Amino acid sequence: MRKGIAMILALALLLGLTGCSGKQETEKEKDDSSIVVGFSQLGAESSWRIANTASMEQAAKDFGYGLMMENANQKQEKQIDAIRSFIAYQVDVIVFSPIVETGWDNVLKEAKQAGIPVILMDRMINTQDDSLYTAYVGADFYAEGRRAGEYLIRKADALEKAQMRIVEICGTADSTPMRDRQQGFMDVISQDSRFTVIDSVDGDFLRSKGEECMRDLLAKYGSDGFDVVYSHNDAMTLGALDVLEKTEGVPKDLVVITVDGEKDAVDALKAGRINCVVQCTPNLGISVMRLVKELTEGRGVLKTYSPEEGAFTDFDDLTDPRVEGF
Ligand code: GYE
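For clarity, every value in this text was computed on a predicted model and none was experimentally measured. (Residues numbered from 1 in each chain as written. Predicted model: local features only at pLDDT ≥ 70, side-chain atom pairs only at ≥ 80, totals over all residues. Heavy atoms only, no water.)

A. Geometry of the overall build of the protein chain. Along its length, the protein chain carries ten helices and twelve strands. For 326 residues, the compact-globule formula gives about 20 Å, and the C-alpha radius of gyration of the protein chain, at 25 Å, lies well above that figure. In terms of its C-alpha atoms, the protein chain occupies a principal-axis envelope of roughly 100 × 45 × 35 Å. Residues classed as buried in the protein chain amount to 48% of the 326 residues present. Sequence separation of 24 or more characterises 76% of the internal contacts of the protein chain that already satisfy a separation of 6 or more. Of the charged side chains in the protein chain, 36 are positive and 54 negative; the average position of the first set lies 5 Å away from that of the second. (Helix = DSSP H or I, 4+ residues; strand = E, 2+ residues; numbered from the N terminus. Rg over C-alpha atoms; globule rule 2.2 N^0.38 Å. Buried < 20%, exposed > 50% of the residue type's maximum accessible area, 1.4 Å probe, protein only. Contact = heavy atoms within 4.5 Å. Lys, Arg positive; Asp, Glu negative; His and termini not counted. Charge placed at Lys NZ, Arg CZ, Asp CG, Glu CD.)

B. Focus on the site of the ligand. Around the ligand, the structure places 13 residues, and the nearest of them are E45, D122, R123, N233 and D260. A distance of 3.0 Å is found between an oxygen atom of the ligand and a side-chain nitrogen or oxygen belonging to S46. A distance of 2.8 Å separates an oxygen atom of the ligand from a polar atom in the side chain of R123. Relative to its free-state accessible area of 300 Å², the ligand is covered by the protein chains to the extent of 100%. Only helix 2 (47-63) and helix 6 (176-189) provide two or more residues apiece to the shell around the ligand. For the shell around the ligand, the residue count by class is five nonpolar, two polar and six charged. (Near = heavy atom within 4 Å. Polar contact = N/O pair within 3.5 Å; in protein donor to acceptor, adjacent residues only side chain to side chain. Areas by Shrake-Rupley, 256 points an atom, 1.4 Å probe, with all protein chains shown as cover. Nonpolar A, V, L, I, M, F, W, Y, C, P; charged D, E, K, R; others polar.)

C. Quick look at the sheet that holds strand 1 (residues 36-41). Spatially, 2-1-3-4-5-11 is the arrangement adopted by the six strands of the open sheet, whose pairing is parallel. A strand with exactly one partner marks an edge of an open sheet, and here the two such strands are strand 2 (66-71) and strand 11 (304-305). Across three bridges, strand 4 (residues 118-121) lies against strand 5 (residues 135-137) in parallel orientation. Bridge assignment links M121 to a residue of strand 5, and that residue is V137. Across the sheet, helix 3 (residues 76-89) lies against strand 1, strand 2 and strand 3 (93-96), angled at about 170° from strand 1, the strand it touches most. (Pairing = 2+ DSSP bridges. Axes fitted to C-alpha atoms, helices over the stretch in contact; angles between N-to-C directions.)

D. Geometry of the nonpolar core. Formed by 64 residues in total, the largest nonpolar core has its most connected members in I94, V95, W104, L152, I257, M289 and V292. Dropping the residues within four chain positions of it, M289 is found in contact with V37, M56, A59, A60, F63, Y65 and L67. L218, F226, L241 and I274 belong to the second-largest nonpolar core, a separate cluster that totals 27 residues. (Core = buried A, V, L, I, M, F, W, Y, C linked by side-chain atoms within 4.5 Å.)

E. Quick peek at the environment of V323. Inspection of the secondary structure puts V323 in the segment after strand 12 (311-313). Remark: the alpha-carbon pair of V323 and L269, spanning 54 residues in sequence, is separated by 9.9 Å.

F. Representation of the state of the cysteines. The tally for this structure, following the rule as stated, stands at zero disulfides. Note on C170: no disulfide assigned, nearest cysteine sulfur contributed by C213 at a separation of 8.6 Å. Summary of cysteine pairing: C276 is not part of a disulfide, and the nearest cysteine sulfur, belonging to C280, is at 13 Å. (Disulfide = S-S within 2.5 Å.)

G. The arrangement of the sheet that holds strand 7 (residues 195-202) in detail. A sheet is described by the order of its strands in space; here six strands give the open sequence 7-6-8-9-10-12, paired in mixed fashion. Strands at the two margins of the open sheet, each flanked by one partner only, are strand 7 and strand 12. The average undirected angle you get between the axes of adjacent strands in this sheet is 15°. Judged from the three bridges that link them, strand 8 (residues 228-231) and strand 9 (residues 255-260) form a sheet pairing that is parallel. By the bridge assignment for strand 9, V229 is matched with V256. Here helix 5 (residues 141-159) sits on the sheet in contact with strand 6 (164-170), strand 7, strand 8, strand 9, strand 10 (276-279) and strand 12, set at roughly 160° to strand 9. Along the sheet, helix 8 (residues 234-244) makes contact with strand 6, strand 8 and strand 9, crossing strand 9 at roughly 150°.

Here you go:
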């Protein structure tokens, strides 16, 4: 009899325990998987962007979060629509990569009224009201521009050039990386009388536009009309190189400076087709999801988070295995 009672108790305990731990597990799973992040990606214009999207998807998976992703194909209106749909869906956190800096206040006020925190990923916005976003995760583009300028000074010294004419192929107008990569670069080189930017053209971060810009620049200035190409991303640089390398009379020591660090650009650096690759990492997913976690757990977050970055140049030992692209 006592044995029977003991067995029943043991069984009850066992069931209770399994029941209990089973319940805890489902609750934990539900906790994570019930968090939904609305992510408005701006487009698919470059390898950088594609790697960035993949990083967000992977990180959401790793954290067990649901990811509602909308790709805006380079259209601000589409991003605004996506953000509105995330608000209607009552996602836990909105993440977006603003294609341009201006024009977000209204939709972000709606998000704020709905009590949904907003993380700006990759690019910044221009607003008088900083309370419209909770945090920014992305590169310090101004520092990237400065790195490009500092490289150029070192290169001009090494080549013993008295004058260098620069053409600049810019990223999307009114976007943070375009503005700050330009500003950082100018702040460094404008102190030095050897350098003149003879033209700045809009390449919209697209490879096809990079090609087009280079064709126009060559037509306008001739094949030996400039000494430096400073291009705001690898996609445009690779497009420009396609044209340059088919053109007769381009000086052998033309200096090519690019930003991002995708594999094709780093390979082109190793092959001597590019001189300097300023790095910009697309792998922001983990940092973003960490912030989502902190926010959904009610913890405060830092307003700005920028990853450590550097540059690969033709002054480096390019056989070092750490010299690799994404
Ligand atoms: O450099 C470019 C992309 O915003 C940092 O956008 C990003 C830029 C990147 O299209 O390749």
